[in-house]
Amino acid sequence: MPEIAIIAAHSKNLVIGNKGQIPWNIFEDKKHFKELTTGHVVIMGRKSFEEITGLLKKPLPNRVNLILSKTKNFSTEDFLNDDSPLSSEVKTFSNLQSAVNFAKEKYPDKKIFICGGEKIFEETISFCNKMYLTKIDSDFEGDAFFPKFDEKEFKVISEKLFDEIPPYKFVELERK
Ligand SMILES: NC(=O)c1ccc[n+]([C@@H]2O[C@H](COP(=O)([O-])OP(=O)(O)OC[C@H]3O[C@@H](n4cnc5c(N)ncnc54)[C@H](OP(=O)(O)O)[C@@H]3O)[C@@H](O)[C@H]2O)c1
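What counts and how
- Residues numbered from 1 in each chain as written.
- Predicted model: local features only at pLDDT ≥ 70, side-chain atom pairs only at ≥ 80, totals over all residues.
- Core = buried A, V, L, I, M, F, W, Y, C linked by C-beta atoms within 7 Å.
- Buried ≥ 20, exposed ≤ 12 C-beta atoms within 10 Å, placed from the backbone.
- Helix = DSSP H or I, 4+ residues; strand = E, 2+ residues; numbered from the N terminus.
- Contact = placed C-beta atoms within 7 Å.
- Pairing = 2+ DSSP bridges.
- Arc of directions from axis to C-beta.
- Near = placed C-beta within 6 Å.
- Nonpolar A, V, L, I, M, F, W, Y, C, P; charged D, E, K, R; others polar.
- Axes fitted to C-alpha atoms, helices over the stretch in contact; angles between N-to-C directions.

Chemist: With reference to specific residues and values, describe the nonpolar core.
Modeler: In this structure, Ala5, Ile6, Ile7, Val41, Ile43, Phe113 and Ile114 are the most contacted members of the largest nonpolar core, which totals 38 residues. Considering each element in turn, this core owes the most residues, 6 residues, to strand S1 (residues 4-11). Setting aside anything within four residues of it in sequence, one finds Ile7 in contact with Phe33, Leu36, Thr37, Phe113, Cys115 and Tyr132.

Chemist: Describe the pairing of strand S10 (residues 168-175), with residues and values.
Modeler: Relative to S10, strand S7 (residues 130-136) runs antiparallel, the two sharing 7 bridges. Looking across to S10, one finds that Met131 is bridged to Leu173. By the bridge criterion, 8 bridges tie strand S9 (residues 154-162) to S10 in an arrangement that is antiparallel. Bridge pairing in S10 links Val156 to Leu173. The antiparallel hairpin formed by S9 and S10 contains 5 residues in its connecting segment.

Chemist: A description of helix H3 (residues 96-106) should follow, citing residues and the corresponding values.
Modeler: Every buried residue of H3 is accounted for by Ala99, Val100 and Ala103. Seen end-on, H3 carries its buried residues on one side only, within an arc spanning 95 degrees. Opposite the buried face of H3, at more than 90 degrees from it, the exposed residues are Gln97, Ser98, Asn101, Glu105 and Lys106. In this structure, the buried side of H3 is in contact with S1, strand S3 (41-45), strand S4 (64-68), strand S5 (89-93) and strand S6 (112-114).

Chemist: Give a description of the site of the ligand that names residues and reports values.
Modeler: Taken together, 30 residues lie near the ligand, and Gly17, Gly45, Ser48, Gly116 and Gly117 sit nearest. Contributions of two or more residues to the shell around the ligand are made by S1, strand S2 (15-17), S3, helix H2 (46-56) and helix H4 (118-124). Grouping the constituent residues of the shell around the ligand by class yields 10 nonpolar, 12 polar and 8 charged.

Chemist: Provide a residue-level description of the sheet that holds S3, including the pertinent values.
Modeler: Pairing is mixed in the open sheet, where 8 strands are placed in the order S5-S4-S3-S6-S1-S7-S10-S9. In this open sheet, the two edge strands, each paired with only one partner strand, are S5 and S9. Pairwise comparison of adjacent strand axes, ignoring direction, gives a mean angle of 20 degrees for this sheet. Bridge count for S1 against S6 is 3 bridges, and the pairing is parallel. Bridged to Ile6 within S6 is Ile114. Lying on the sheet, H2 is in contact with S3 and S4; it crosses S3 at an angle near 110 degrees. Against the sheet, H3 touches S1, S3, S4, S5 and S6, its axis set at about 160 degrees to S4.

Following this line, the structure appears as C-alpha cells:
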C-alpha cells in the first residue's frame, strides 16, 4: 500500500486559504513542504495549481503534478519551453480516484501527497494513511478550510514546535 498523505497547513480556526492565497508566509513551512514532496506525486485542485503556476511560472519542480479539474486540461506540454528543461510531469484528471489510481500504477515507488484545497482534503481524509499538518496557533481570516476529522482515528508519530510569532508546529499523523 503506497503512502497516501495529506499535506496541509491550517490556522487555529482551520483556515487554509483566503481569496486564493495562503494567508501566512512561513519560510520553514515552505521548506518542509518541498523536502517532503520532492521526488514524489502531488495531487491538487485546479485553483491551487493556478496559484502555484502564477507564482513560479511553472509547476512544482521535480514532482509529478496531478491536477483535478472538470473545466481545464493541463499537461506537461503546456509548460515546455526552450530556456529551461522541465523537471515535472503535469496531467489533469476529472476526479480524485482516477488521479490516485494513475499515481499508484505508474509510480508505485513514489509517495502520493494530497495538497488541497478544501474539497480535496475533505474527500481524502476518509482513505489517506498519513497526514503532515502544519498547525499555526493563531486565528486567520479565510474562505477555504481544513475539514474537521476524528482525531481518534490517527496517532501522532511526531511533533516539532516552532516558538515563533505566531507559534506553529509540524505534526505527523498516521491512521491507527
Ligand atoms: N494551507 C494549505 O495547506 C493550502 C493548500 C492548498 C491550497 N490552499 C489555499 O486554498 C485555496 C484554494 O483551495 P480551494 O479549495 O478554493 O480550491 P482547489 O481545491 O485548489 O481548487 C478547486 C477546483 O479544483 C477542482 N476540483 C476540486 N475537487 C475536484 C474533484 N473531486 N474532481 C475534479 N475536480 C475537482 C475544480 O476545478 P474546476 O472548477 O476546474 O472543475 C475546483 O473548482 C487557496 O486560498 C489556496 O491558497 C491552502
